[in-house]
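# Observations on chain architecture
Okay, here's what each chain looks like letter by letter:
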Amino acid sequence: MGRGTLRIYLGAAPGVGKTYAMLSEAHRRMERGTDCVVAFVEHHGRSRTEVLLHGLEQVPRRELVHRGAVFTELDLDAVLVRAPRVALVDELAHTNVPGSRNAKRWQDVEELLAAGIDVISTVNIQHLESLGDVVESITGVRQQETVPDEVVRRADQIELVDMSPQALRRRMAHGNIYQPDKVDAALSNYFRPGNLTALRELALLWVADRADEYLQQYRSEHRVSKIWGSRERIVVGLTGGPEGRTLIRRAARLAEKGAGGEVLAVYIARSDGLTSASPKELAVQRPLVEDLGGTFHHVLGDDIPAALLDFARGVNATQIVLGSSRRKAWQYVFGPGVGATVARESGPDLDVHIVTHEEVAKGRGLPVARSARLGRSRLLWGWLVGLGGPVVLTLLLNTVHLGLANDVLLYLALTVAAALLGGLYPALASAAVGSLLLNWFFTPPVNRITIADPRNILALAIFVGVALSVASVVDVAARRTHQAARLRAESEILSFLAGDVLRGETSLETLLERVRETFGMESAALLERESDVAPWTCAGRAGTGPPVDRPEDADVDMPVGDHMALALTGRVLPAEDRRVLAAFAAQAAVVLDRRRLREEADRARALAEGNRIRTALLAAVSHDLRTPLAGIKAAVTSLRSDDVAWSEEDQAELLEGIEEGADRLDHLVGNLLDMSRLQTGTVTPLIREIDVDEVVPMALGGVPEGSVELDVPETLPMVAVDAGLLERAMANLVENAVKYSPAGRAVLVAGSALADRVEVRVVDRGPGVPDDAKDRIFEPFQRYGDAPRGAGVGLGLAVARGFVEAMGGTLNAEDTPGGGLTMVLTLRAAGSAPGAPAPPGAAQTPPLHPATAERQALR
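Residues numbered from 1 in each chain as written. Predicted model: local features only at pLDDT ≥ 70, side-chain atom pairs only at ≥ 80, totals over all residues. Heavy atoms only, no water.

### Observations regarding the overall build of the protein
Helix and strand counts for the protein come out as 24 helices and 24 strands. The burial tally for the protein puts 44% of its 859 residues in the buried class. Taking the intrachain contacts of the protein between residues at least 6 apart in sequence as the baseline, contacts between residues at least 24 apart amount to 71%. With the model as given, the accessible surface of the protein reaches about 44200 Å², and the carbon-plus-sulfur share is 55%. (Helix = DSSP H or I, 4+ residues; strand = E, 2+ residues; numbered from the N terminus. Buried < 20%, exposed > 50% of the residue type's maximum accessible area, 1.4 Å probe, protein only. Contact = heavy atoms within 4.5 Å. Areas by Shrake-Rupley, 256 points an atom, 1.4 Å probe, with all protein chains shown as cover.)

### Some words on the pattern of salt bridges
A full pass over the atoms with the stated rule returns 24 salt bridges. Salt-bridge contacts for D771 lead to K774; the nearest nitrogen and oxygen are separated by 2.7 Å. What makes D771 exposed here is its relative accessible area of 60%. On the basis of relative accessibility, which here comes to 10%, the residue K774 falls in the buried class. Each of the salt bridges in this network shares a partner with another, and the network as a whole consists of R7, E25, R28, R29, R32 and E159. (Salt bridge = Lys/Arg side-chain N within 4 Å of Asp/Glu carboxyl O.)

### Some thoughts on the packing of helix α14 (residues 376-399) against helix α15 (residues 404-422)
Two numbers describe a pair of packed helices, the interaxial angle and the distance between the axes. Relative orientation of the contacting elements α14 and α15 amounts to 165°, with a least axis distance of 7 Å. One finds that α14 runs roughly antiparallel with respect to α15. As α14 packs across α15, the resulting crossing turns out to be right-handed. On α15, the residues touching R378, L379, W381, G382, V385, G386, G389, P390, L393, T394 and L397 of α14 are D407, L410, Y411, L414, A417, A418, L420, L421 and G422. Residue classes in the contact of α14 with α15 are distributed as 13 nonpolar, 5 polar and 2 charged. (Axes fitted to C-alpha atoms, helices over the stretch in contact; angles between N-to-C directions. Parallel < 35°, antiparallel > 145°, perpendicular 65-115°, else oblique. Left-handed = near helix turned anticlockwise from the far one by under 90°. Nonpolar A, V, L, I, M, F, W, Y, C, P; charged D, E, K, R; others polar.)

### Some thoughts on the side chain of T122
Within the fold, T122 resides in strand β7 (residues 118-124). There is a polar contact of 2.4 Å between the side chain of T122 and the side chain of D90. Not counting chain neighbours up to four residues away, the residues in contact with T122 comprise Y9, K18, T19, M22, V89, D90, E91 and L92. (Polar contact = N/O pair within 3.5 Å; in protein donor to acceptor, adjacent residues only side chain to side chain.)

### Re the environment of V760
As for its placement among the helices and strands, V760 is situated in strand β22 (residues 757-763). Judged by its relative accessible area of 1%, V760 falls in the buried class. Placed 64 residues apart in sequence, V760 and V696 show a C-alpha to C-alpha distance of 9.3 Å. Among residues more than four places away in sequence, those in contact with V760 are V692, M730, V749, A750, G751, M823, V824 and L825.

### Topic: the pairing of strand β12 (residues 319-323)
Of all 5 residues in β12, 4 are buried; the element is thus mostly enclosed. Pairing geometry for strand β9 (residues 233-238) and β12, over 3 bridges, is parallel. Within the sheet, the bridge partner assigned to V235 lies in β12 and is I320. (Pairing = 2+ DSSP bridges.)

### Observations concerning unusual backbone geometry
Within the chain, R67 stands out as a residue other than glycine whose phi angle is a positive 55°. Looking at where R67 falls in the secondary structure, it is placed in the loop between β4 (62-66) and β5 (69-73). Note on R67: relative accessible area 79%, which makes it exposed.

### Considering the packing of aromatic side chains
This model, assessed by the stated rule, comprises 0 aromatic pairs. In this structure, R105 packs its charged tip against the face of F40, placed 3.9 Å from the ring centre. (Phe/Tyr/Trp six-rings, centres within 6.5 Å; stacked < 30°, edge-to-face > 60°. Lys NZ or Arg CZ within 6 Å of the ring centre and 35° of its normal.)

### Regarding the confidence of the model for the protein
Put simply, the protein has an average pLDDT of 77, and 78% of its residues get 70 or more. Considering only residues more than four positions removed or in separate chains, one finds that residues 786-793, a stretch of pLDDT under 50, has 27 contacts. Note that residues 833-859 has pLDDT below 50 and, in this model, 77 contacts with residues that lie over four places away or in other chains. (pLDDT = per-residue confidence, 0-100.)

### Some words on the environment of L512
Structurally, the position occupied by L512 is in helix α18 (residues 508-519). For the pair L512 and A588, spaced 76 residues apart in the sequence, the C-alpha separation amounts to 7.5 Å. Not counting residues within four places of it along the chain, the set of residues in contact with L512 comprises A524, A525, L526, G540, R541, A542 and L566.

### Points about the side chain of S121
With respect to the secondary-structure elements, S121 resides in strand β7. Setting aside its immediate chain neighbours within four residues, S121 contacts R7, I8, Y9, M22, V89, D90 and L92.

### Points about the nonpolar core
Core analysis: the biggest nonpolar cluster contains 62 residues, and L88, L92, I125, V147, V152, F191 and W206 have the highest contact counts within it. Top contributing element to this core by residue count: helix α9 (residues 193-221), with 6 residues. In terms of nonpolar packing, the next biggest core, distinct from the first, is built from 44 residues, V695, F803, L811 and L827 among them. (Core = buried A, V, L, I, M, F, W, Y, C linked by side-chain atoms within 4.5 Å.)

### Some words on helix α7 (residues 165-173)
The α-helix advances 3.6 residues per turn, and as a result positions three or four apart in sequence lie on the same side. Listing the buried residues of α7 in full gives P165, A167, L168 and M172. One side of α7 holds all its buried residues, which, seen down the axis, span an arc of 165°. Just beyond α7, the residue with positive phi is G175, at close to 80°. (Arc of directions from axis to C-beta.)

### Quick notes on a positive patch on the surface
A surface patch of like charges, here positive, comprises R249, R250, R253 and K257. Along the chain, R249 falls in helix α10 (residues 244-257). (Patch = residues over 30% accessible without salt bridge, like charges linked within 9 Å, V, L, I, M, F, W, Y side chains within 5 Å. Lys, Arg positive; Asp, Glu negative; His and termini not counted. Charge placed at Lys NZ, Arg CZ, Asp CG, Glu CD.)

### Observations regarding the sheet that holds strand β3 (residues 57-58)
Read from one edge to the other, the open sheet built from 6 strands follows the order β3-β2-β6-β7-β1-β8, with strand pairing classed as parallel. Looking along the sheet, the strands with just one partner apiece sit at the ends: β3 and β8 (157-161). Sheet analysis places strand β2 (residues 36-40) next to β3, joined by 2 bridges and oriented parallel. What sits directly across from V38, in β3, is Q58.

### Some remarks on helix α24 (residues 796-806)
Most of α24 is tucked away, with 9 of its 11 residues classed as buried. Within the sequence span of α24, burial applies to G796, L797, A798, V799, A800, R801, G802, F803 and V804. Directly after α24, the chain includes G808, whose backbone phi takes a positive value near 90°.

### Looking at a negative patch on the surface
On the surface, a cluster of negative charge is contributed by E648, E649, D650, E653, E656, E659 and E660. By the element assignment, E659 lies in helix α21 (residues 648-680).

### Remarks on the sheet that holds β22
The strand order across the open sheet formed by 5 strands is β19-β21-β22-β24-β23, and the pairing between neighbours is mixed. Both outer strands of the open sheet, β19 (708-711) and β23 (810-815), are each paired with one neighbouring strand and no more. The mean angle between the axes of side-by-side strands here comes to 20°, regardless of whether they run parallel or antiparallel. In this structure, β19 lies alongside strand β21 (residues 747-754), joined through 4 bridges in parallel fashion. What sits directly across from V708, in β21, is V747.

### Brief notes about a nonpolar patch on the surface
A contiguous nonpolar surface patch, about 360 Å² in accessible area, is contributed by L380, W381 and L384. Along the chain, L384 turns up in helix α14.

### A word on the packing of helix α23 (residues 723-740) against α24
Between α23 and α24, whose axes approach to 9 Å, the crossing angle comes to 145°. As α23 runs across α24, the sense of the crossing is left-handed. Of the residues in α24, those in contact with L725, R728, A729, N732, L733 and N736 of α23 are G796, L797, V799, A800, F803 and V804. Residues of the contact of α23 with α24, tallied by class, amount to 8 nonpolar, 3 polar and 1 charged.

As C-alpha cells, then:
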C-alpha cells in the first residue's frame with residue numbers, strides 16, 4: 001500500500017472555520033461512499049461545528065492521566081486497526097500529553113500517512129515554526145505549540161480558510177468562538193483588528209508562496225517557456241558598475257507596488273572570465289539585494305542580451321530593469337548596446353525599464369590589462385626592453401645599414417620581446433618609440449617626421465598593428481594563466497570540502513583551522529544566535545586572534561542562513577575570494593549540524609540502552625522476584641496457621657524453603673545493585689596487593705561441596721586488585737560453571753602466571769557456547785540456550801566482567817578442549833603497573849562471608 005495523501009485547512013486565527021470546512025468535506029466524501037472516520041476533532045463547544053459531527057463515525061479517544069488530571073488524546077493504534085480510507089485529525093500542531101506514543105500530533109499523522117491512510121487536518125498560520133518570532137512580535141504571545149514548516153509544505157493539498165478581521169470579530173462578539181466570559185478579553189488582546197490583519201497577510205503570503213512553488217513545478221514538468229504573469233517578478237541586470245545599487249533600489253520600489261513582488265538580481269559574466277566588472281562592487285551589491293528581500297544570481301554567457309532574456313524567461317519574470325548605457329556616443333558604432341537589444345528581443349510578455357543614473361555616457365572603458373600578474377621582475381625588464389631597446393637598436397642600425405624592411409623587422413622583434421616580457425603597456429611603448437625612430441632615422445626623408453613613400457606608411461602601420469596584436473595576446477594569456485591557477489586552487493579546495501562532506505570526518509575546529517590557513521587569517525570563528533535579537537555565541541574557533549562578539553566586528557564575515565556567520569580576523573579579504581569562503585561557511589554549518597546530530601544520536605542511544613535494560617529488568621524481575629516472595633509468603637502463612645499441626649520435619653522443610661527464598665532474593669538484589677553501580681559508573685575499586693589463593697577459596701561458599709576442584713598454587717605472584725570485587729566476580733563465575741556442568745563432573749579453578757599477568761581459569765564440561773554468542777553472554781539480562789526463567793535475570797556474567805574491567809583486568813570466554821566452556825580471568829601482577837589510588841574517603845569493598853556470598857551466575 002502506498003503512502004496516504006495529506007490535505008490541510010490553513011487559517012489565520014482561531015474561529016475562521018477550519019474545523020467546520022474539514023467536517024463539511026468529510027460529509028461530502030461520505031455521500032460519495034468514501035470510508036471516512038473522525039480520528040480526533042475538537043469542537044470547543046461551538047454548536048455549529050458540533051452538529052457536523054453527527055452522522056460521522058468517531059474513533060474513541062484514549063484517556064491519559066497526567067498530574068492527577070484525565071486527558072483525552074488521539075488513539076493512534078485504534079485508528080490504525082480501523083484502517084479507514086480517510087481520517088480527520090484536528091489541530092496538527094497539538095502537543096500530546098506525556099505518556100502518548102508520540103510527542104506531537106503531526107508525528108501521529110505521519111504514521112497514519114505511512115500506513116496508507118489519507119488524512120485531513122487543520123492548522124493556524126501562527127503555529128508554523130518559522131513564523132514564531134514574527135507572530136510574537138505582532139501579537140506579543142509566543143506560540144508554544146508549533147509544527148515544522150516542511151510538514152505543512154509536504155502536504156498534497158493546502159486550502160486557505162479566510163475571513164476578514166471584521167467578520168471574525170463579529171463572530172467572536174456573537175459568542176460563536178469563545179464562551180461569553182472570555183469574549184471581551186479576546187477582543188481586547190489577541191483578536192485586535194491589527195493583529196488579525198497581520199496574521200491574515202502572513203497566511204495569504206505563505207499560501208501564495210506555496211502556490212508559486214506548485215506553478216514553477218508545473219512549468220518545469222510541462223516545459224512551459226512562455227511567461228505567465230501570475231505575480232510580479234523583476235529581473236535586474238547588473239554590469240558590476242556603481243550604477244547597480246541604483247538599479248536594485250529602483251527594482252525593489254517597483255516590487256513593492258505589486259503584492260508578492262520579487263526581485264532577482266543577475267550578473268552575467270563572460271565564460272572566459274575576462275571582464276571589466278568590479279568584484280568589490282559586486283560584493284557590495286549582493287548583500288544589498290538580499291537586504292531588500294531579493295536574490296542574487298551569477299550566470300555565464302558570452303551573448304549577454306540572450307543570456308539575460310533566457311534567465312528572465314526561465315524564472316517567469318514579468319519585468320527587466322536595466323541601466324542606461326555608460327558608452328559614449330562614438331562607441332555606438334560597435335552596436336546598439338545591451339539595453340536596446342534586450343528591449344527589441346523581449347517580446348510582448350516582458351516589460352523592459354531603462355533607468356537613468358549618474359554614470360550615463362561616462363564611458364565603460366576597456367578591460368584593464370593587469371600586467372602585474374606577470375611578476376615585478378618581468379615587468380621591469382619589459383619596460384627596459386620597450387623603452388631602451390629601440391634606442392640601442394637605433395644606434396646599432398646607424399652603423400650597419402640593412403635596409404628599411406630589415407629595420408622594421410628588427411624593431412618588430414624588439415616590440416614582440418617587450419610584449420613577451422612586460423605585457424601590453426611596455427609593448428605599446430616599444431611600438432610608439434620604435435615607430436618614431438624608424439620614421440626619423442630610416443624612412444625617407446630622414447631626420448623629418450614625414451614619409452615620402454606610401455609603401456613605408458603601410459609598413460609602419462603593419463608594424464604597429466602586429467605589435468599591438470602580440471601585446472594583447474600576451475596580456476590575455478597572462479590573465480588566463482592567472483585565472484587558471486586561481487581556479488585550480490579553488491577546485492582543490494572545493495574538492496577537499498566535497499570529500500569531507502562524503503566522509504564526514506573533519507571536526508569543526510579542524511575545518512576552521514583550514515579556513516584560517518587557506519586565507520592567511522589570524523583567527524576564524526563560527527558564530528550563531530537563536531533569533532534576530534539574541535546575542536551571538538561562538539560555536540567553534542581556530543587561531544589566536546582577538547575575540548569576536550559580533551560578525552560585524554570581524555575583518556571578514558560570511559553569513560550562513562539567518563542566524564549563523566563565519567567571522568575571520570587578520571586582514572580584509574578580496575571580494576573574489578568570497579565564493580570559496582562561502583563554500584567553507586556552508587560546510588562549517590554542515591559540520592556543526594552533523595556534530596550536534598551525532599551528540600543527539602549518542603544521547604538517544606544511551607537512552608535507548610537504558611530503556612532496554614529497564615524493560616528487561618522489569619520483565620525479569622516480574623517473575624524472578626515474585627517467585628521467591630510467593631514461596632516465602634506461602635511458607636510463613638503455613639507455619640502461622642493454627643488449622644494444621646506441622647511435624648518437626650515439615651517445619652524444618654518450610655524453614656529451609658524460606659531460607660532458600662531469602663538467599664535467592666539476596667543474590668538477586670545484590671546483582672541488581674551491582675549492575676546499577678556499573679551502569680552509573682560508581683564502582684570505585686580500592687587496589688591492594690593480595691594473593692589469589694587467599695581470595696578464590698572465599699568465593700566458593702555458595703556451591704555444593706565437591707563440585708569445584710582448586711588448582712591455585714601459593715607460589716603465584718601477588719595481584720593488584722580489589723579483594724571484594726574479585727571475590728564477587730569469582731563467585732559468579734564458579735556458580736555459573738557449577739550450574740551448567742553435568743552431574744559428577746567437578747569444575748576446575750586453576751591459576752597460572754604468564755609474564756606480568758596472572759590468569760585464573762574456570763573450566764566446566766557443560767554444553768559450551770558457540771563463538772558468535774561468547775560476547776553476548778556478558779551482556780545484561782542474557783540467558784543462553786533454554787535456561788528456565790527461574791534461573792535468574794541474567795546478570796551474573798555481566799556483573800563479573802564489569803568488576804574485573806573496573807580493576808584493570810579482562811574476562812573472556814573460550815572453548816574447553818573436549819567440550820565445555822572456560823572463563824579466563826586475567827589480572828595484572830603486583831608491580832607490573834601502578835595501582836589505581838583510592839579516592840579520598842573511598843572504602844574498600846569488603847569480602848563476602850560464605851554464608852552471604854551466594855551468587856547464581858546466570859547466562
